[in-house]
Amino acid sequence: MVVSSPTTIRTKKTKAVGIPTIDLSLNRSMLSELLVKACEEFGFFKVVNHGVSKEVIERMEEEGAEFFAKAAEEKQRAGPARPFGYGCKNIGPNGDMGELEYLLLHTNTHSISERSTSISNDPTKFSCAANNYVQAVRELACEILDLVAEGLWVHDKCVFSRLLRDVHSDSVLRLNHYPPVSDMISDWDPSPKLFQHQCKNSRVGFGEHSDPQILTILRSNDVGGLQIALHDGLWVPVPPDPSEFCVFVGDALQALTNGRFESVRHRALSNSVKPRMSMAYFGAPPLNAWISPLPELISSQKPSGYKPFTWDEYKKAAYSLRLGDSRLDLFMVRTADKTQ
Ligand SMILES: C=C1C[C@]23C[C@@]1(O)CC[C@H]2[C@@]12CC[C@H](O)[C@@](C)(C(=O)O1)[C@H]2[C@@H]3C(=O)O
Ligand SMILES: O=C(O)CCC(=O)C(=O)O
Ligand SMILES: [Fe+2]
């Protein structure tokens, strides 16, 4: 398997885990195989040589940093995040809380332009940075999804990416800012003693959840905090690297692949003296798009495990539940009902 320098992390339960880091400059057939394997094993991987320019990333990061540095009253002008705008500590509509503040934006160009007037003193600069960033990460997400479709041997190679490219795609951009937890002694250090100390002193920045969409493309500054859950429930810290993107399988891709991929549960802890900032693109279908397992992934051995639903229905279900709830359960076919 061609995976560049897997990150070996020893947690308290001493489990060594190699989170896949996939080099997107490899040849297509090798890449599609590696991507499918990572989606199956972890529902998560990192990518390098991703083609998103440093300039586009830096401009977005600067806009985010400038916004979060503003006084609280100024930031409130962009809120509340119901569903889009500025949010502080409250996550979603059902009482979830975290040690963070954030900006949540619909990725539609007009929506970004409109919002930018309450976000920045230079709205044109903000909307240019955000639109360029969204365009670049959407391209990356679509490229990954096309390769995944190839690796799954599905007939229509654009079956996933078409949903993100649709003008009515319901994709979202989120900037998260986790202020430092003041009593921490240092930034990320995976040595066992310090790691235990950090765990004891960390606070939940963004609680455990899976992302509801198809694919998430996330990038952070050099401050750690992101953790993913393995299938056995063990948490694995993801070392931060500003030059990489983290890719998460979302609930909708789990349903589309008939459970061959599982959406990855993850969380972010604030455990540092330095602020963490992450920027996430959540690639989603249009509201009226139907999500159901692809025919190629249904067989008599593996009958359809999910009832068809529209993205609108799924979102409504998500917003009626708590952050950590397994919302896909509502759309699962019970074993006794399974048909081909
Ligand atoms: C509690 C909630 C917040 C969330 C919507 C939800 O009802 C359940 C899913 C949450 C999540 C997680 C991934 C993204 O950050 C997000 C924008 C999304 O689409 O689903 C958030 C939602 C949110 O913060 O509004
Ligand atoms: O900040 C992070 O690393 C995780 C954020 C996240 O999971 C989210 O925004 O859905
Ligand atoms: Fe998430």
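The protein is annotated in an unreviewed UniProt entry as gibberellin 2beta-dioxygenase of Morella rubra. Quoted verbatim from the Sequence similarities (unreviewed entry) field of UniProt, the annotation for the protein is "Belongs to the iron/ascorbate-dependent oxidoreductase family. GA2OX subfamily." Of the protein, the UniProt comment under Catalytic activity (unreviewed entry) reads exactly: "gibberellin A1 + 2-oxoglutarate + O2 = gibberellin A8 + succinate + CO2".

Chemist: Mind laying out the overall build of the protein, listing which residues take part and the relevant values?
Modeler: Helix and strand counts for the protein come out as nine helices and 16 strands. Burial status across the protein gives 42% buried among its 340 residues. Partitioning the intrachain contacts of the protein with sequence separation of at least 6 by distance along the chain shows that 72% fall at a separation of at least 24.

Chemist: I'd like a rundown of the site of ligand 1, residues and numbers included.
Modeler: Surrounding ligand 1, one finds 16 residues, the nearest of these being Gly92, Asp211, Ala318, Tyr319 and Leu323. At the level of secondary structure, the elements contributing two or more residues to the shell around ligand 1 comprise strand E6 (96-106), strand E7 (172-178) and helix H9 (311-320).

Chemist: Give me the lowdown on the nonpolar core, citing residues and values where you can.
Modeler: Counting 84 residues, the largest nonpolar core has Leu35, Val148, Leu215 and Val247 as its most contacted members. Of all the elements, helix H5 (residues 123-151) adds the most residues to this core, at 14 residues. Leave out the neighbours within four places in its chain, and leucine 215 touches Ala141, Ile144, Leu145, Val247, Phe248, Val249, Gly250, Leu253 and Gly283.

Chemist: An account of the sheet that holds strand E3 (residues 21-23) is needed here, citing residue identities and associated values.
Modeler: Spatial ordering of the open sheet is given by E3-E4-E12-E9-E14-E7-E6-E5, a layout of eight strands whose pairing is mixed. Each edge of the sheet is formed by a strand with only one pairing partner; in this case those strands are E3 and strand E5 (85-91). The average angle at which neighbouring strand axes cross in this sheet is 25°, direction not considered. Pairing of E7 with strand E14 (residues 276-283), which is carried by seven bridges, proceeds in the antiparallel orientation. In the strand pairing of E14, histidine 177 is matched with methionine 277.

Chemist: Quick rundown of the packing of helix H4 (residues 109-119) against H5? Include the residues and the values.
Modeler: Look at H4 against H5: their axes get within 8 Å of each other, and the N-to-C directions meet at 140°. Put simply, H4 runs oblique to H5. In terms of crossing hand, the pair formed by H4 and H5 is right-handed. On the side of H4, the interface is formed by Thr109, Ile112, Ser113, Ser116, Thr117 and Ile119, while H5 contributes Pro123, Phe126, Ser127, Ala130 and Asn131.

Chemist: Describe helix H1 (residues 28-41), and please don't skip the residues or the numbers.
Modeler: Three- or four-residue spacings in an α-helix give side chains the same orientation, since the helix completes a turn every 3.6 residues. Look at H1: 20 Å from first C-alpha to last across 14 residues, which is about the 20 Å you get at 1.5 Å a residue. Within H1, the full set of buried residues consists of Leu31, Ser32, Leu34, Leu35, Val36, Ala38 and Cys39. Elements in contact with the buried residues of H1: E3, strand E4 (44-48), H5 and strand E12 (245-249). At the exit of H1 stands glycine 43, carrying a positive phi of roughly 65°.

Chemist: Describe the packing of helix H2 (residues 54-68) against H5, listing the residues and the values that go with them.
Modeler: Relative to each other, H2 and H5 sit at 135°, their axes nearing to 9 Å. When the axes of H2 and H5 are compared, the pair comes out oblique. Like other packed secondary-structure pairs, H2 and H5 cross with a definite hand, here left-handed. Across the interface between the two elements, Val56, Arg59, Met60 and Glu63 of H2 pack against Phe126, Ala129, Ala130, Asn132, Tyr133 and Ala136 of H5. When grouped by side-chain class, the residues that make up the contact of H2 with H5 number seven nonpolar, one polar and two charged.

Chemist: Summarise the sheet that holds strand E10 (residues 226-229); cite the residues concerned and give the values.
Modeler: If you walk across this open sheet you meet the four strands as E8-E13-E10-E11, and the pairing is antiparallel. Two strands bound the open sheet, and with one partner strand each, they are strand E8 (203-209) and strand E11 (235-237). Each strand of the sheet is rotated relative to its neighbour by a mean of 20°, with strand direction disregarded. Summarising the sheet, E10 and strand E13 (residues 266-270) pair through three bridges and their orientation is antiparallel.

What counts, and at which threshold
- Residues numbered from 1 in each chain as written.
- Chains lettered and ligands numbered in written order.
- Predicted model: local features only at pLDDT ≥ 70, side-chain atom pairs only at ≥ 80, totals over all residues.
- UniProt positions renumbered as here; feature names shortened; annotations may be inferred.
- Helix = DSSP H or I, 4+ residues; strand = E, 2+ residues; numbered from the N terminus.
- Buried ≥ 20, exposed ≤ 12 C-beta atoms within 10 Å, placed from the backbone.
- Contact = placed C-beta atoms within 7 Å.
- Near = placed C-beta within 6 Å.
- Core = buried A, V, L, I, M, F, W, Y, C linked by C-beta atoms within 7 Å.
- Pairing = 2+ DSSP bridges.
- Axes fitted to C-alpha atoms, helices over the stretch in contact; angles between N-to-C directions.
- Parallel < 35°, antiparallel > 145°, perpendicular 65-115°, else oblique.
- Left-handed = near helix turned anticlockwise from the far one by under 90°.
- Expected span 1.5 Å × (residues − 1).
- Nonpolar A, V, L, I, M, F, W, Y, C, P; charged D, E, K, R; others polar.

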